[in-house]
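Each chain is listed here by its residues.
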Amino acid sequence: MNKIETYEPQMGDYGVIRTNGIAARLIQLGTLSRWNHAVIYQGNDYVVEANPTGVAISHISKYDGKPIAWNRHDNVTAEQRHKIVFHARELIGKRYNFFIILGLVLRIFGVKILGNYILKKMADKDGYICSELVAECYRLAGMPLGKEDYLIVPGDLAERLIYQ
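Residues numbered from 1 in each chain as written. Predicted model: local features only at pLDDT ≥ 70, side-chain atom pairs only at ≥ 80, totals over all residues. Heavy atoms only, no water.

Chemist: Outline the overall build of the chain, supporting the account with residue identities and numerical values.
Modeler: The helix and strand tally for the chain stands at six helices and seven strands. Each helix (α) and strand (β) of the chain, taken in turn from the N terminus, gives the series β-α-β-β-β-β-α-β-α-α-β-α-α. Taken across its 164 residues, the chain has 48% of its residues classed as buried. If you take every contact in the chain between residues at least 6 apart in sequence, the share linking residues at least 24 apart comes to 64%. (Helix = DSSP H or I, 4+ residues; strand = E, 2+ residues; numbered from the N terminus. Buried < 20%, exposed > 50% of the residue type's maximum accessible area, 1.4 Å probe, protein only. Contact = heavy atoms within 4.5 Å.)

Chemist: Break down a nonpolar patch on the surface for me, citing the residues and quoting the values.
Modeler: A surface patch of nonpolar side chains, amounting to about 340 Å² of accessible area, comprises I22, L26 and L29. Along the polypeptide, I22 turns up in helix α1 (residues 22-31). The exposure class assigned to I22 is exposed, which follows from its relative accessible area of 69%. (Patch = residues over 30% accessible without salt bridge, like charges linked within 9 Å, V, L, I, M, F, W, Y side chains within 5 Å. Areas by Shrake-Rupley, 256 points an atom, 1.4 Å probe, with all protein chains shown as cover. Salt bridge = Lys/Arg side-chain N within 4 Å of Asp/Glu carboxyl O.)

Chemist: Just give me the short version of unusual backbone geometry, but keep the residues and values in it.
Modeler: For N44, which is not glycine, the phi torsion reads 55° and is therefore positive. Relative to the helices and strands, N44 resides in the loop between β2 (37-43) and β3 (46-51).

Chemist: How would you sum up the packing of aromatic side chains? Please name residues and give values.
Modeler: As enumerated under the stated definition, the model contains two aromatic pairs in all. Ring centres 5.6 Å apart and planes at 75° place the aromatic pair Y14 and Y138 in the edge-to-face group. Placement of Y14 in strand β1 (residues 14-17) and of Y138 in helix α5 (residues 130-140) is noted, with a sequence separation of 124 residues between them. Each member of the pair, Y14 together with Y138, is buried. Look at Y41 and W70: their rings are 5.8 Å apart centre to centre, the planes differ by 80°, and that puts the pair in the edge-to-face class. Here Y41, found in strand β2, pairs with W70, found in strand β5 (residues 68-70); they are 29 residues apart in sequence, far enough to count as distant. Accessibility classification places Y41 together with W70 in one group, the buried group. (Phe/Tyr/Trp six-rings, centres within 6.5 Å; stacked < 30°, edge-to-face > 60°.)

Chemist: Requested: an account of the pairing of β2, with residues and values cited.
Modeler: One face of the sheet, then the other: side chains in a regular strand alternate in exactly this way. The element β2 is largely enclosed, with a buried count of seven among its seven residues. As judged from the four bridges shared by β2 and β3, these two strands associate in the antiparallel manner. By the bridge assignment, I40 is partnered in β3 with V48. Linking β2 back to β3 in an antiparallel pair, the connection comprises two residues, with N44 at a positive phi of about 55°. (Pairing = 2+ DSSP bridges.)

Chemist: For the pairing of β3, give the residues involved together with the corresponding values.
Modeler: Taking burial as the measure, the six residues of β3 include five buried ones, the bulk of the element. Remark: two residues form the turn of the hairpin made by β3 and strand β4 (residues 54-59), two consecutive strands paired antiparallel.

Chemist: Residues and numbers for the nonpolar core, please.
Modeler: Grouped together as the largest cluster of nonpolar side chains are 32 residues, with contacts concentrated most on V16, V134 and L157. Going through the elements one at a time, β1, β2, β3, α2 (78-90), α5 and α6 (154-162) are the ones with two or more residues in this core. The next biggest cluster of nonpolar side chains, apart from the first, holds seven residues, and it includes I17, Y41, I60 and Y63. (Core = buried A, V, L, I, M, F, W, Y, C linked by side-chain atoms within 4.5 Å.)

Remember that the coordinates give geometry; whether it matters functionally is a separate question.
Dropping the structure here:
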């Protein structure tokens, strides 16, 4: 009999999540991905996430029953894990950046000049989307994820998991 392997996330891991609802579907459509959310595991069953109310700490149980894929095969040192969580916690209380989502949607639907302009301008503001939060914290810990932080979407994070 095959046993399903479970993974206990480690401090500093990021997870991508597929949630339900209209906003989730719009993000999936706008980013051309089945994943619509990303979090950073800080330990003790808590995550740091950017959601429509801003950057906050949440209990992981709020995602019970939702598929979560963790970056369990990344080679992350203990020092990097601490830096990732440190940077994520520094961002708690920052606002959500709805305009980044708008820019991503415009860019995906072919309005690249306006979409890129909006993305660049809005990235300079003091707000975050979930995947941008993950990308910035990883970059600051010495692990850049391959694109500008504001261009990373949950699907990009999920795609990295395939190639680990």
